[in-house]
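# A structural walkthrough
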Amino acid sequence: MGDILYVLKKIGVREFAINDEVTSIPENTEISLNLGCKFAYAKELHNVRCTMTTVFKLKEIQLLKATVETIFNIHPNSYKMIEKDGKTILPKSLLLSLASSTYGTFRGILFAKTEDSILSNLYLPLADMDQLVKSDLSFE
């Protein structure tokens, strides 16, 4: 299978909730990050939606929860490679790339939405997308 070409067509922030009750975060405090990712394929539009949810917690206190959705259009020559016999198979390599792009997009949204707040210093770690994307996805 050759390279699958795609373009980012849409970015949406579905949720961005900051806990206003937290007024300070002690320095060197460990903050946990939970990350989840889901994919959907719109066959008639030849696009893939990646929905990523992130939750930052300070011990048991939720600091921030965000859900970002990106939509990627698949190039006509490429969707011919992934659609066969009424089935669509999105290869893991493509899904990893889309998830990475979405995570990077979230990084920019996090910066823009927390600028000049106590959450502006949240460190967003490298994320192992292999933990989120285990295999190819198949759609009928």
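Refer to the preceding data block for the structure.
Figured I'd write up the structure that's included with this text. Here the structure is a predicted model, which means the values were calculated and not measured. (Residues numbered from 1 in each chain as written. Predicted model: local features only at pLDDT ≥ 70, side-chain atom pairs only at ≥ 80, totals over all residues. Heavy atoms only, no water.)

### Quick notes on the pairing of strand 2 (residues 31-42)
For strand 2 and strand 3 (residues 47-58), the ladder comprises twelve bridges, and the chain directions are antiparallel. Bridge pairing links L33 to F56 in strand 3. Following strand 2, the chain reverses through four residues before pairing antiparallel with strand 3; H46 in that reversal takes a positive phi of roughly 55°. (Pairing = 2+ DSSP bridges. Helix = DSSP H or I, 4+ residues; strand = E, 2+ residues; numbered from the N terminus.)

### Describing helix 2 (residues 92-114)
Taking 1.5 Å per residue, 23 residues should reach 33 Å; helix 2 reaches 32 Å between its end C-alpha atoms and fits that length. Buried within helix 2 are the following residues: L94, L95, L96, L98, A99, T102, Y103, T105, F106, I109, L110 and T114. (Expected span 1.5 Å × (residues − 1). Buried < 20%, exposed > 50% of the residue type's maximum accessible area, 1.4 Å probe, protein only.)

### Side note on the pattern of salt bridges
All chains considered together, the criterion is met by four salt bridges. Among the ionic pairs, E69 bridges to R14, the shortest N-O distance being 3.0 Å. One end of the pair, E69, is in strand 4 (residues 61-74); the other, R14, is in strand 1 (residues 6-18), with 55 residues separating them in the sequence. The class for E69 is buried, based on a relative accessible area of 13%. (Salt bridge = Lys/Arg side-chain N within 4 Å of Asp/Glu carboxyl O.)

### Notes on the layout of surface pockets
Taken as a whole, the largest pocket spans an internal volume of roughly 320 Å³. Forming the walls of the largest pocket are 14 residues, and the residues nearest its centre are I25, I31, N121, L122 and Y123. The class makeup of the residues in the lining of the largest pocket is nine nonpolar, three polar and two charged. (1 Å grid on protein atoms, 1.4 Å probe; cavity = no way out; pocket = protein on both sides within 12 Å on 5 of 7 lines; lining within 4 Å. Points joined across faces, edges and corners; volume = space filled by probe spheres on them. Nonpolar A, V, L, I, M, F, W, Y, C, P; charged D, E, K, R; others polar.)

### Topic: the nonpolar core
Ranked by size, the top nonpolar core spans 34 residues in total, and within it F39, F56, L63, L64 and F106 carry the most contacts. Listed by contribution, the elements that provide at least two residues to this core are strand 2, strand 3, strand 4, helix 1 (76-82) and helix 2. At nine residues, helix 2 tops the list of elements feeding residues into this core. (Core = buried A, V, L, I, M, F, W, Y, C linked by side-chain atoms within 4.5 Å.)

### Remarks on the packing of aromatic side chains
Per the stated rule, a full pass over the model turns up two aromatic pairs. Judged by centre distance (5.5 Å) and plane angle (90°), the rings of Y6 and F72 are edge-to-face. Separated by 66 residues along the polypeptide, Y6 in strand 1 and F72 in strand 4 bring together distant segments of the chain. For Y6, a relative accessible area of 30% corresponds to the partly exposed category. You can call F72 buried: its relative accessible area is 1%. Ring centres of Y41 and F139 lie 6.2 Å apart, and the angle between their planes is 35°; this geometry places the pair in the tilted category. Of the two residues, Y41 is situated in strand 2 and F139 in strand 7 (residues 137-139); the sequence distance between them amounts to 98 residues. Among the residues examined, Y41 registers a relative accessible area of 12% and is labelled buried. Of note, K113 hangs over the ring of F16, and the distance from its end group to the ring centre comes to 5.7 Å. (Phe/Tyr/Trp six-rings, centres within 6.5 Å; stacked < 30°, edge-to-face > 60°. Lys NZ or Arg CZ within 6 Å of the ring centre and 35° of its normal.)

### Things to note about the sheet that holds strand 3
With antiparallel pairing, four strands are arranged side by side in an open sheet as 1-4-3-2. Each edge of the sheet is formed by a strand with only one pairing partner; in this case those strands are strand 1 and strand 2. When the angles between neighbouring strand axes are averaged without regard to direction, this sheet yields 15°. Helix 2 rests against strand 1, strand 2, strand 3 and strand 4 of the sheet, and its axis sits at about 45° to strand 1. (Axes fitted to C-alpha atoms, helices over the stretch in contact; angles between N-to-C directions. Contact = heavy atoms within 4.5 Å.)

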